[in-house]
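Below, each chain spelled out in residue letters.
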Amino acid sequence: MADRLTQLQDAVNSLADQFCNAIGVLQQCAPPASFSNIQTALNKDQPANPTEEYAQLFAALIARTAKDVDVLIDSLPSEESTAVLQAASLRQLEEENHDAAVRLEEVVYRGDVLLEKIQSALADIAQSQLRTRNAVSTQASPNES
């Protein structure tokens with residue numbers, strides 16, 4: 001993931017691309033202008049251009065990208081964020097991280113204890129099943145003879 005400044009630069013570059021593309025497409029689709037009542041055969045036979053659709057499309061793209069740029073600018077650290085405030089914030093995050101690590105270790109320990117109990121219970125069940133099968137086998141053998 002890129003840092004915020006790189007994201008901001010990418011968004012500004014994207015905005016510049018969209019402006020250039022919008023101008024180029026609108027210029028390409030624009031109907032020719034008439035000069036002092038001079039009509040040519042080309043002007044009369046021009047098909048309808050989807051200029052309005054292009055204008056709306058590019059306006060929406062440019063507005064969305066401009067909004068993204070604003071969000072990225074707002075997410076940058078403010079000038080009021082001093083080194084002392086940042087250090088305090090980092091200390092708080094480190095404490096929260098340490099507390100979460102302690103809780104995780106406790107959960108893992110309880111999980112290991114529970115796993116041992118389950119494995120012991122499964123071993124007891126397996127032994128009981130083996131004894132039951134052996135007892136059934138031994139009882140069935142003398143009756144057959």
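In case you missed it, the structure is sitting above this.
Criteria and thresholds
- Residues numbered from 1 in each chain as written.
- Predicted model: local features only at pLDDT ≥ 70, side-chain atom pairs only at ≥ 80, totals over all residues.
- Heavy atoms only, no water.
- Helix = DSSP H or I, 4+ residues; strand = E, 2+ residues; numbered from the N terminus.
- Areas by Shrake-Rupley, 256 points an atom, 1.4 Å probe, with all protein chains shown as cover.
- Patch = residues over 30% accessible without salt bridge, like charges linked within 9 Å, V, L, I, M, F, W, Y side chains within 5 Å.
- Salt bridge = Lys/Arg side-chain N within 4 Å of Asp/Glu carboxyl O.
- Buried < 20%, exposed > 50% of the residue type's maximum accessible area, 1.4 Å probe, protein only.
- Contact = heavy atoms within 4.5 Å.

**Quick look at the overall build of the protein**
Along the protein, the regular secondary structure elements total four helices and zero strands. Going from the N terminus to the C terminus, the protein shows its helices and strands as α-α-α-α. Carbon together with sulfur atoms contributes 57% to the accessible area of the protein, which is approximately 12300 Å² in total.

**Digging into a nonpolar patch on the surface**
A contiguous nonpolar surface patch, about 380 Å² in accessible area, is contributed by Leu114, Ile118, Leu122 and Ile125. In this structure, Ile125 sits in helix 4 (residues 83–144). Residue class for Ile125 comes out partly exposed when judged on its relative accessible area of 46%.

**A closer look at the environment of Tyr54**
Take Tyr54: it is sitting in helix 3 (residues 51–75). With relative accessibility at 31%, the residue Tyr54 sits in the partly exposed group. Between the alpha carbons of Tyr54 and Val25 there is a distance of 7.6 Å; along the sequence they are 29 residues apart. Residues contacting Tyr54, with those up to four places away along its chain left out, are Val25, Leu26 and Cys29.

Any functional reading would require information beyond the geometric quantities listed.
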